[in-house]
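# Inside the fold
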Amino acid sequence: MKKLGLNTICTHVGEIKDKQFKGAVSPIYLSSSYEFLDVDVKRYPRYFNTPNQEYLAKKIAALEHTEAALIFGSGMAAISHMFFAFLEKGDHLVVQNTLYGGTVNFIKEEFPKYGITYTFTNGYKVEDFEAAIKENTKLIHIETPSNPLLTITDIKAVVKLAKSKQILTSIDNTFASPVNQNPIDLGIDMVMHSATKYFGGHSDICAGAVASSQEHIDRIWNVSKNLGGSLSDMTVWMLERSMKTLGLRVKAQTKNAMKLAKWLYKHPKIAKVYYPGLKTHPEHKLAKLQMNGFGAMLSFELIEGLDAYEFQKALKLIKPSMSLAGIESTVISPHLTSHALLTQEEREAVGISDQLIRFSVGIEEFKDVKRDIDQAIAVLT
Ligand SMILES: *Cc1c(COP(=O)(O)O)cnc(C)c1O
């Protein structure tokens, strides 16, 4: 079969045919116990192979242009299982310094207990990764665009470096989603997602996923079946329903983000805008080269004297909200949430000021988003 297009994959790949009643959508199989006599596959929820889990994984693998995928109960389950599958006592991880806060905490709090060492890079350039590599480095983990400053890492360059030293690579592709970036095509070994974000897309699901070759997925599975952490089939089904519109949603959100970034950039009350789609972004050209679209996440800083906290309180339509990537626009102060466990110095070192606001752009009409921002600024001035 010819390679299917994005929205066709979203709609159709991994559908379970309802042979009994001929319904249009996948049935939900809630059994936690399946027959073991005369069967090819011994199915059990924690083995990640109930029908709904197995079939939705096909959709995720297809979206990431690879062979296989595993679905987890959260993004952190996906990332932790992936790390534990490829790192053991005595191994070393090189990890990008600008990174989702939860991943930073996981590495710092858990790795020492298992004798795994790590180095956070000093930056996101390929030289920074090279400088961090040691004899026993087994994996390089990157995040691009990164949270919350939307830095862009040169995926191909990092892959080339890693391959030259026989080191595996993994990426957190949550911010871009497969709609805007396909890292497997650029040589990355493993792609992980917080499916709580764009995959779910409606702020009502907590899930995660890893997509990779069958060989790597088998290795992760061997660890995951011991750790547990599979997603309930009810939620897997909801995730399938959500993912049918992944392409539509993310493209609409990306379009809105571009408009919003351009408008904020010219806004007299906005000091800085971080968005890879802007020509002023330091890695704009690289983003254009390695992404299909610039994504729907951006960050900005209000000018001195305008309080970021009060600004968010004054918003009426846009929600100050812990998470991101829903169809509704949300904002957050990274220093109070995702990066709250970092020290002030650590935050300053990576450029996260108290004025910084991260914006997850939704599907609302652009004029209504603009109006809400302007009315909130008017409340402060
Ligand atoms: C939210 C998020 C995670 C963690 O996912 P959970 O589903 O909250 O466990 C990891 N990486 C990125 C970039 C995220 O935004």
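Residues numbered from 1 in each chain as written. Predicted model: local features only at pLDDT ≥ 70, side-chain atom pairs only at ≥ 80, totals over all residues. Heavy atoms only, no water.

### Quick notes on the layout of surface pockets
Rolled over the atoms, a probe as big as a water molecule pinpoints where empty space is left. Its boundaries defined by the atoms lining it, the largest pocket holds a volume of some 380 Å³. If you go around the largest pocket, you meet 27 residues; those closest to its centre are Tyr100, Gly102, Ser194, Lys197 and Leu324. When residues of the lining of the largest pocket are traced back to their parent elements, those giving at least two are α3 (75–86), α4 (101–110) and β6 (190–194). Per-class residue counts for the lining of the largest pocket are ten nonpolar, 13 polar and four charged. Split by domain, the residues of the lining of the largest pocket number at least three in each of domain 1 (6–243) and domain 2 (246–380). (1 Å grid on protein atoms, 1.4 Å probe; cavity = no way out; pocket = protein on both sides within 12 Å on 5 of 7 lines; lining within 4 Å. Points joined across faces, edges and corners; volume = space filled by probe spheres on them. Helix = DSSP H or I, 4+ residues; strand = E, 2+ residues; numbered from the N terminus. Nonpolar A, V, L, I, M, F, W, Y, C, P; charged D, E, K, R; others polar. Domains from an automatic or database assignment.)

### Points about the domain arrangement of the protein
Note on interface size: it is often stated as the accessible area lost on association of the parts. Segmentation of the protein into domains returns domain 1 (6–243) and domain 2 (246–380). Each partner contributes to the interface: domain 1 provides 43 residues, whereas domain 2 provides 41 residues. A combined buried area of about 3,300 Å² lies between domain 1 and domain 2, and 59% of that area is made up of carbon and sulfur atoms. Among the residues of domain 1 in contact with domain 2, Leu149, Asn180 and Tyr198 are the three that bury the most area, contributing 23% of the side total. On the surface where domain 1 and domain 2 come into contact, there are two salt bridges. Between Lys108 and Glu346 there is a salt bridge, with the nearest N and O atoms lying 3.0 Å from each other. Between domain 1 and domain 2 we count 21 residue pairs in polar contact (both at pLDDT 80 or more) in total. Taken together, the residues of the side of domain 1 that touches domain 2 sort by class into 20 nonpolar, 19 polar and four charged. (Contact = heavy atoms within 4.5 Å. Buried area = accessible area lost by both parts, 1.4 Å probe. Salt bridge = Lys/Arg side-chain N within 4 Å of Asp/Glu carboxyl O. Polar contact = N/O pair within 3.5 Å; in protein donor to acceptor, adjacent residues only side chain to side chain.)

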